[in-house]
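Letter by letter, the chains look like this.
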Amino acid sequence: MHARRGPCALALLLVTALSACRSENPPPPAASTTPAPDDGTILDAHIHLTDMEAVPALLGLLDRKGVKRAVVLATPDATAGRGGKGLAGYQRGNEVVLAAAAAHPTRLIPFVTLDLAHDEPQTLDALLARGACGVKLYDGHHAFHERPLDDPAHRPLFARMEERDVPVLVHVNTVRFRGELEGVLRAFPKLRAVCPHLCGSRTDLDRFEAIRDAFPSLLFDTSHGSSDAAAQGFTYLEKEHDRLRKILEKTPERFLFGSDLVTVRAGPTWQDEWDMQVSANLGLLRDESFTFWRQNPLGGLSPAPYRGQALPAALLQKLLGENARRWLGSCVR
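Each residue is numbered by its place in its chain's sequence as written, counting from 1. The model is predicted, so local features are restricted to residues of pLDDT at least 70 and side-chain atom pairs to those at 80 or more, both for listing and for counting; the totals for chains, interfaces and linings are taken over all residues. Calculation of side-chain values draws on the structure's entire complement of heavy atoms; hydrogens and water are dropped beforehand.

Visitor: An account of the side chain of Asp221 is needed here, citing residue identities and associated values.
Guide: The numbering of helices and of strands both runs from the N terminus, where a helix is a DSSP run of H or I of at least 4 residues and a strand a run of E of at least 2. Note that Asp221 resides in strand 7 (residues 219–221). One polar contact links the side chain of Asp221 to the main-chain amide nitrogen of His197, over a distance of 2.9 Å. Excluding residues that lie within four positions of it along the chain, Asp221 makes contacts with His46, Leu169, Val194, Cys195, Pro196, His197, Leu198 and Leu256. N or O atoms closer than or at 3.5 Å make up a polar contact, with two conditions inside protein: a donor-capable atom paired with an acceptor-capable one, and, for residues adjacent in sequence, both atoms drawn from side chains. Should any heavy atoms of two residues lie within 4.5 Å, those residues are considered in contact.

In structure tokens, the structure reads:
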């Protein structure tokens, strides 16, 4: 899930806020020094598709990066840069991802959004019948947090997702709402959940490891998204390089690659922004070094190199595609 003051929120404000503190034209990303084992295996498990008009540019970007398939997430108006509060516009987002995936079934995998307290299990059934693969839940983000994740009103939909074996990407701010996530996972132990951004712990590996160890079936994506939050995460994980390496090597089957790209096209350099974001999120796992924004001591952001993990081919095969395909199941068969 950035200068959107939290993952996946207020994408247009991000571009405006950063334009004053960074160069107009970011440099090209550092070239890969450790090629992926097979470019055709890469699957991005975390992209916010904001509208149909973005699809051609998105597919072009995926082609340039060697990403064969991508999970496209239904996106509320706030995240898509259209304004609004809470989940406003999420039904429109559902229609966008269903239409995009129907038009490009071998490339795009649709995840719809639900209002946990107000949508009925039958709503999920209908969306699955129309081609939805999985569900993206925003309720664990503070901007969308109308009630606790483990509120009793949410139980019918969580039960149906578990019953139907639906893959779920559930964003959770685990600084604020860790206990609520744990309540959901205890109540629904077979829920096929991925918790993105290292489960909201990309700047606290102690918290991450505690959550990982408490819930052995929970999966995680490695996405950092864009701007401030990503820069903070990359900076922290660079300092914890060896520890992160040990974490990834210990349970490589529990991690999925994602970029958290939001397909907003704002400002003259949006294509460069998209390119750098996907390259950096790949680079964290694949490359010796990668380029992304880094916070300056006096404020603002400037492009700078970061040290990547340069994982061996066997681990990359799992993290860049194999684990995601297993999680998605029949959606990619």
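Resuming the write-up.
Visitor: I'd love a proper account of the packing of helix 2 (residues 55–65) against helix 12 (residues 270–286), names of residues and values included.
Guide: Where helix 2 contacts helix 12, the two axes come as close as 11 Å, and the packing angle between them is 40°. Taken together, the axes of helix 2 and helix 12 are oblique relative to one another. Handedness of the crossing formed by helix 2 with helix 12: right-handed. When helix 2 is examined against helix 12, the residues Ala57, Leu58, Leu61, Arg64 and Lys65 are found in contact with a partner set consisting of Trp270, Trp274, Asp275, Val278, Ser279 and Leu282. Under the convention adopted here, Pro, Cys and the residues Ala, Val, Leu, Ile, Met, Phe, Trp and Tyr are nonpolar, Asp, Glu, Lys and Arg are charged, and Gly plus all remaining residues are polar. Classifying every residue of the contact of helix 2 with helix 12 by side-chain character gives seven nonpolar, one polar and three charged. Between N-to-C directions, angles cover 0 to 180 degrees, with each direction set by a line fitted to C-alpha atoms, over the stretch in contact for helices. Between 65 and 115 degrees an angle is taken as roughly perpendicular, under 35 as roughly parallel, over 145 as roughly antiparallel, and anywhere else as oblique. In this scheme, a crossing is called left-handed if the near helix is turned counterclockwise away from the far one by less than a right angle; it is called right-handed if the turn is clockwise.

Visitor: Quick one: what's the story with the packing of aromatic side chains, residue by residue and with numbers?
Guide: Classification of ring pairs uses Phe, Tyr and Trp, with its six-membered ring standing for Trp, and accepts pairs whose centres are within 6.5 Å; under 30 degrees between planes counts as stacked, over 60 as edge-to-face, and the remaining range as tilted. The tally for this structure, following the rule as stated, stands at 11 aromatic pairs. Measuring from ring centre to ring centre gives 5.3 Å for Tyr138 and Phe144, while their planes differ by 50°; the resulting arrangement is tilted. Neither Tyr138 nor Phe144 differs from the other in exposure class; each is buried. Each ring, one from Phe234 and one from Phe292, has its centre 5.2 Å from the other, and the planes form 75°; the classification is edge-to-face. Relative accessibility under 20% of the residue-type maximum defines a buried residue, over 50% an exposed one, and the middle range a partly exposed one, all with a 1.4 Å probe and only protein chains included.

Visitor: Residue-level account of helix 4 (residues 90–103), with values.
Guide: For helix 4, built from 14 residues, the straight-helix expectation of 20 Å at 1.5 Å per residue is met to within 8% by its first-to-last C-alpha distance of 20 Å. All of the buried residues along helix 4 are Tyr90, Gly93, Asn94, Val96, Val97, Leu98, Ala100 and Ala101. Against the buried residues of helix 4 lie helix 2, strand 2 (67–73), strand 3 (108–113) and helix 5 (121–129). Expected span, for any helix, means 1.5 Å times one less than how many residues it has.

Visitor: Provide a residue-level description of the nonpolar core, including the pertinent values.
Guide: Nonpolar core, defined: a set of buried Ala, Val, Leu, Ile, Met, Phe, Trp, Tyr and Cys residues in which side-chain atoms within 4.5 Å join the residues together. Of all hydrophobic cores here, the largest spans 81 residues; its most connected members are Leu49, Leu58, Leu108, Met161, Leu218 and Phe292. Residue contributions to this core peak at eight residues, all from helix 12. Discounting residues that sit within four places of it in the chain, Leu49 has contacts with Ala54, Val55, Leu58, Val72, Leu73, Thr75, Val96, Val97, Ala100 and Thr263. In terms of nonpolar packing, the next biggest core, distinct from the first, is built from 20 residues, Phe111, Tyr138, Ala324 and Val332 among them.

Visitor: I'd like a rundown of the confidence of the model for the protein chain, residues and numbers included.
Guide: In the predicted model, the protein chain carries a mean pLDDT of 89, and 88% of its residues have values of at least 70. One confidence number per residue, pLDDT, is output by the predictor and ranges from 0 to 100. Confidence over residues 1–40 falls short of pLDDT 50; this stretch has 113 contacts with residues more than four positions distant or in other chains.

Visitor: Explain the state of the cysteines residue by residue, including any values.
Guide: When two cysteine sulfur atoms are found within 2.5 Å, that pair is recorded as a disulfide. Scanning the entire structure with this criterion turns up two disulfides. A sulfur-sulfur distance of 2.1 Å marks the disulfide that ties Cys133 to Cys331. Sign of the S-S torsion, about 105° for the bond between Cys133 and Cys331, identifies this disulfide as right-handed. Highlighted residues: Cys133 in the loop between helix 5 and strand 4 (134–140) and Cys331 in the segment after helix 13 (313–328), separated in sequence by 198 residues. Take Cys133: its relative accessible area is 6%, and that puts it in the buried class. Cysteine pairing in the protein chain follows 1-4, 2-3, where each cysteine in a disulfide is numbered by its order in the sequence.

Visitor: I'd like to hear about the sheet that holds strand 3, residue by residue, with values.
Guide: The strand order across the open sheet built from nine strands is 8-7-6-5-4-3-2-1-9, with neighbouring strands paired in parallel fashion. The open sheet is flanked by strand 8 (255–256) and strand 9 (261–262), the only strands paired with a single partner. Think of it this way: DSSP has to see at least two bridges between two strands before they count as a pair. By the bridge criterion, two bridges tie strand 6 (residues 192–195) to strand 7 in an arrangement that is parallel. Considered in strand 7, the bridge of Cys195 is made with Phe220. The sheet contacts of helix 4 involve strand 2 and strand 3, and relative to strand 3 the element is tilted by about 165°.

Visitor: I'd like a rundown of the pairing of strand 2, residues and numbers included.
Guide: With respect to burial, strand 2 is a largely interior element, six of its seven residues being buried. In this region the chain leaves strand 1 (residues 42–48), passes through helix 2 and returns to the parallel neighbour strand 2; the handedness of that crossover is right-handed. Relative to strand 3, strand 2 runs parallel, the two sharing four bridges. In the strand pairing of strand 3, Ala70 is matched with Leu108. The definition of a right-handed crossover adopted here requires that, viewed with the strands pointing away, the path from the first strand over the helix to the second runs clockwise.

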